Amino acid sequence: MTYRLSHLAALESEAIHIIREVVAEFERPSLLFSGGKDSAVLLHVAAKACWPQKVPFPVVHVDTGHNFPEVIEYRDQQVAERAIRLVIGSVQEDIDRGDIHETPTPGATRNRLQTFTLLRVLEEGQYDAVFGGGRRDEEKARAKERVFSLRDEFGQWDPRAQRPELWNLFNTKHRPGEHFRVFPLSNWTELDIWQYIDTENIPLPPIYFSHKRQVFRRSGMLLAVGPFTPPRENVREEEPFEATVRYRTVGDMTCTAAVESTAVTPLQVIAETAVTRVSERGATRADDRFSEAAMEDRKKEGYF
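Residues numbered from 1 in each chain as written. Predicted model: local features only at pLDDT ≥ 70, side-chain atom pairs only at ≥ 80, totals over all residues. Heavy atoms only, no water.

Bringing the packing of helix H1 (residues 6-25) against helix H2 (residues 37-50) into the picture now. The geometry of H1 relative to H2 is characterised by a closest axis approach of 9 Å and an angle of 70° between their N-to-C directions. Judged by the angle between their axes, H1 and H2 are roughly perpendicular. Judged by the twist between their axes, the crossing of H1 over H2 is right-handed. From H1, Glu12, Ala15, Ile16, Ile19 and Arg20 reach across to H2, where they touch Leu42, Val45, Ala46, Lys48 and Ala49. Class assignment of the residues belonging to the contact of H1 with H2 gives a composition of seven nonpolar, no polar and three charged. (Axes fitted to C-alpha atoms, helices over the stretch in contact; angles between N-to-C directions. Helix = DSSP H or I, 4+ residues; strand = E, 2+ residues; numbered from the N terminus. Parallel < 35°, antiparallel > 145°, perpendicular 65-115°, else oblique. Left-handed = near helix turned anticlockwise from the far one by under 90°. Contact = heavy atoms within 4.5 Å. Nonpolar A, V, L, I, M, F, W, Y, C, P; charged D, E, K, R; others polar.)

In C-alpha cells:
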C-alpha cells in the first residue's frame, strides 16, 4: 500500500531544511548512525537533502562490542550502498587501552561507557555539528532539548543554556571546542517514523520485525539469550524460553529488550504502535530505568 500523509511531507520538509542549514553553516558535520530505525530514517532524509550529490559527511557509529549482529550487517550494507565514509568508535578498544573501565558486576551494561568513546571520536574528527536521530517523544530529557543543542568544550549539555528557536531560526554560533548536536527528527513520533518507513520503503534490520528468539525475563523485560546476556543460574525468573518477538529500538544487547509481537510488516507495526501508550525507550531500555533522571544525567555528561 502506497500513500503519503500531508503531515509526513511537512515533517520531511522540516528535516531537510535543518540538514541543509547544517551543511551550509558548519565546516565538519557528521551523522550518528546506530543502525536503528531512527538513524535509518535520518540517513534516508539526509540523502534526499543532499541529492543529486551523495551525502557529503561521514556517519559515526559508537560500537560497544555488544551489538546485535543483524544491526552491524545492516550498518555495513547501508554505508556501502550509499558510498558514505564510516567512522567507528570502539568502546572495546578504549577499554583495552585502559582509558575506561568496565564494571565487572553481572548484568552490567557498556551503554554509559559509550559517552567517553563518542566524545573521543568527535574530538579526533573535529566535528562541529553532529546529527542525531533523537525525538522529543522518546524520553523526558529529550523533550527538553532544542533542535540545535549546544555542547560545551567538554561535550556536556546544560539544559539551562538552551537557545530560543523562534520561527525555526537557529543560532549556530559557537566558540572553538564547542559543537552542536542537531536533531532533525525532533518533532516526529514513533508512529510517524513507522509511517514514513512504510511510505518510503526504507529497509531495516530484520530484528525490527517478528521472529522467534530464545529469551528470558529480567526485571519484567525480555532479554535475548546470548554471549553478553546469559541468564543467571539458579534464578527461576530467568529460565530461558522461545518467544515470538520484535525490537522497538536497538542498542547494546545487554540493556535492550524485545517485545512480544506478531508484526512482520511495517503496516502491522504501525497498527501495534498506534495503540501503545509507553515509549519504546520506556518499555525496552533497561539503562533508562535507573532513575527518573537517568537519561538527563547521561546527556549532561555528553551522551547522545
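Turning next to the nonpolar core. In terms of nonpolar packing, the biggest core is built from 57 residues, with Leu31, Val41, Phe131, Phe148, Val182, Trp194 and Leu204 touching the most fellow members. At eight residues, H2 tops the list of elements feeding residues into this core. Membership of the second largest hydrophobic core comes to 13 residues, among which are Val60, Val91, Leu122 and Val130. (Core = buried A, V, L, I, M, F, W, Y, C linked by side-chain atoms within 4.5 Å. Buried < 20%, exposed > 50% of the residue type's maximum accessible area, 1.4 Å probe, protein only.)

The next point concerns the sheet that holds strand S6 (residues 179-182). What links the strands of a sheet is backbone hydrogen bonding, and the strands pair in either a parallel or an antiparallel sense. If you trace the six strands from one edge of the open sheet to the other, you get S3-S2-S1-S4-S6-S5, paired in mixed fashion. A strand with exactly one partner marks an edge of an open sheet, and here the two such strands are strand S3 (86-90) and strand S5 (148-151). Mean inter-strand twist for the sheet, computed between neighbouring axes without regard to direction, equals 30°. One ladder, built from four bridges, connects S5 with S6; its direction is antiparallel. Opposite Ser149, over in S6, you have Arg181 as the bridge partner. The strands touched by helix H3 (residues 69-82) are strand S2 (59-63) and S3; relative to S3, the strand with the most contacts, the crossing angle is about 150°. Across the sheet, helix H5 (residues 114-125) touches strand S1 (29-32), S2, S3, strand S4 (129-131) and S6, and the angle it forms with S3 is around 140°. (Pairing = 2+ DSSP bridges.)

The next thing to look at is the sheet that holds strand S9 (residues 241-246). On the basis of which strands lie adjacent, the open sheet formed by four strands has the order S8-S7-S9-S10 and antiparallel pairing. The strands lining the two open edges of the sheet, one partner per strand, are strand S8 (221-224) and strand S10 (259-260). Pairing of strand S7 (residues 211-218) with S9 involves five bridges; the strand directions are antiparallel. Within S9, the position partnered with His211 by the bridge is Val245.

Moving on to the packing of H2 against helix H7 (residues 190-200). Where H2 meets H7, the closest approach of the two axes is 10 Å, and the angle between their N-to-C directions is 55°. On the basis of their axis angle, the class for H2 and H7 is oblique. The chirality of how H2 crosses H7 is left-handed. Taken together, the residues of H7 that come into contact with H2 (itself represented by Lys37, Asp38, Val41, His44, Val45 and Lys48) are Glu190, Ile193, Trp194, Tyr196, Ile197 and Glu200. Partitioned by chemical class, the residues of the contact of H2 with H7 number six nonpolar, one polar and five charged.

It is worth spelling out the pattern of salt bridges at this point. Inspection of every chain in the model, using the stated rule, returns 19 salt bridges. Its salt-bridge partner being Arg175, residue Glu178 comes within 3.1 Å of it at the nearest N-O pair. When its relative accessible area of 8% is taken as the criterion, Glu178 is described as buried. Of the residues examined, Arg175 reaches a relative accessible area of 58% and is grouped as exposed. Residue Arg232 pairs with Glu238 through a salt bridge whose shortest N-O separation is 2.5 Å. By sharing partners, the salt bridges in this structure join Asp94, Arg97, Asp99, Arg120 and Glu124 into a single network. (Salt bridge = Lys/Arg side-chain N within 4 Å of Asp/Glu carboxyl O.)

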